[in-house]
Amino acid sequence: MSKRMIAVFSIFFLCLSFFSCNSKALTFSAEELSITLTDEFVEVPTTRRGGAFESPEMFIRVVRESRSVVEEIAGQSDVSLETYTDLVLKSNRLDLPVTPEKTCLTYEYTAFDETVGRYYTYYVTVHKSRDAFWLVQFVTDKQDYSDLHDEIETYLESITFNET
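Residues numbered from 1 in each chain as written. Predicted model: local features only at pLDDT ≥ 70, side-chain atom pairs only at ≥ 80, totals over all residues. Heavy atoms only, no water.

### So, helix 4 (residues 145-157)
The end-to-end C-alpha distance of helix 4 is 18 Å, a good match for the 18 Å that 13 residues give at a rise of 1.5 Å each. Maximal helix bending in helix 4 amounts to about 30 degrees, located at Glu151. Three or more residues of helix 4 are buried, namely Tyr145, Leu148, Ile152, Glu153, Tyr155 and Leu156. Its buried side turned inward, helix 4 meets strand 2 (33-38), strand 5 (59-66), strand 7 (105-113), strand 8 (118-128) and strand 9 (132-141). (Helix = DSSP H or I, 4+ residues; strand = E, 2+ residues; numbered from the N terminus. Expected span 1.5 Å × (residues − 1). Bend = angle between axes of the 7 residues up to and from the residue. Buried < 20%, exposed > 50% of the residue type's maximum accessible area, 1.4 Å probe, protein only. Contact = heavy atoms within 4.5 Å.)

Spelled out as structure tokens, the structure:
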């Protein structure tokens, strides 16, 4: 390899490390749920209970549903996370495989947004806290999803519930 190529690669990696070190972690809250994201995210208004956050590459929607409302809809008390996930999928007319993770259940799908003429991938995580069920949807452009999946996993691991 020539000295010129080595110099180009060195400059590239220095720039890459500089830009990656500039992102700071910030904790955002949506009611009793907290999630740690980079400082590229901003909170955006939402009309549903929960919250929404976006960055140039990703949109995150947090939806909170009261356990008492879910139990009333399900017609039973102490609804499991699996039962709630099945209710969500059925109400959205989705038949998708569900994967258990450490503290939640997940599923993913890709859908076309006619408004902007693009495909988006939705990585949906389903959680249960003491008083609520939660959907946390990580939405990315379909072509960027595989590059962002590790980042999504980091965000997912940061989710906590303040249950005072």
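### With respect to the sheet that holds strand 2
On the basis of which strands lie adjacent, the open sheet formed by three strands has the order 1-2-10 and antiparallel pairing. Sheet topology places strand 1 (25-30) and strand 10 (160-161) at the edges, where each strand pairs with a single neighbour. Direction of pairing for strand 2 relative to strand 10: antiparallel, over a ladder of two bridges. Counted as the bridge partner of Leu33 is Phe161 from strand 10. (Pairing = 2+ DSSP bridges.)

### Some words on the sheet that holds strand 4 (residues 50-54)
An order of 3-4-5-9-8-7-6 is seen for the seven strands of this open sheet, with the pairing classed as antiparallel. Edge positions in the sheet fall to strand 3 (42-44) and strand 6 (99-100), since each of these pairs with one other strand and no more. Note that strand 4 and strand 5 share five bridges and pair antiparallel. Along strand 5, the bridge assignment pairs Gly50 with Val63. Contacts between helix 2 (residues 67-74) and the sheet are confined to strand 5, strand 8 and strand 9, with strand 5 contributing the most and set at about 70 degrees to the helix. Sheet strands touched by helix 4: strand 5, strand 7, strand 8 and strand 9. Its angle to strand 8, the strand with the most contacts, is close to 20 degrees. (Axes fitted to C-alpha atoms, helices over the stretch in contact; angles between N-to-C directions.)

### Structural notes on the side chain of Gln137
The topology assignment puts Gln137 in strand 9. Since its relative accessible area comes to 10%, Gln137 is described here as buried. Ignoring anything within four residues of it in the chain, the contact list for Gln137 reads Phe59, Ile60, Arg61, Tyr123 and Val124.

### Concerning the side chain of Glu153
Secondary-structure assignment places Glu153 in helix 4. Of the side chains with opposite charge, Lys102 lies nearest to the buried Glu153, which makes no salt bridge, at 7.2 Å. Contacts of Glu153, omitting those with residues within four sequence positions, involve Glu101 and Tyr123. (Lys, Arg positive; Asp, Glu negative; His and termini not counted. Salt bridge = Lys/Arg side-chain N within 4 Å of Asp/Glu carboxyl O.)

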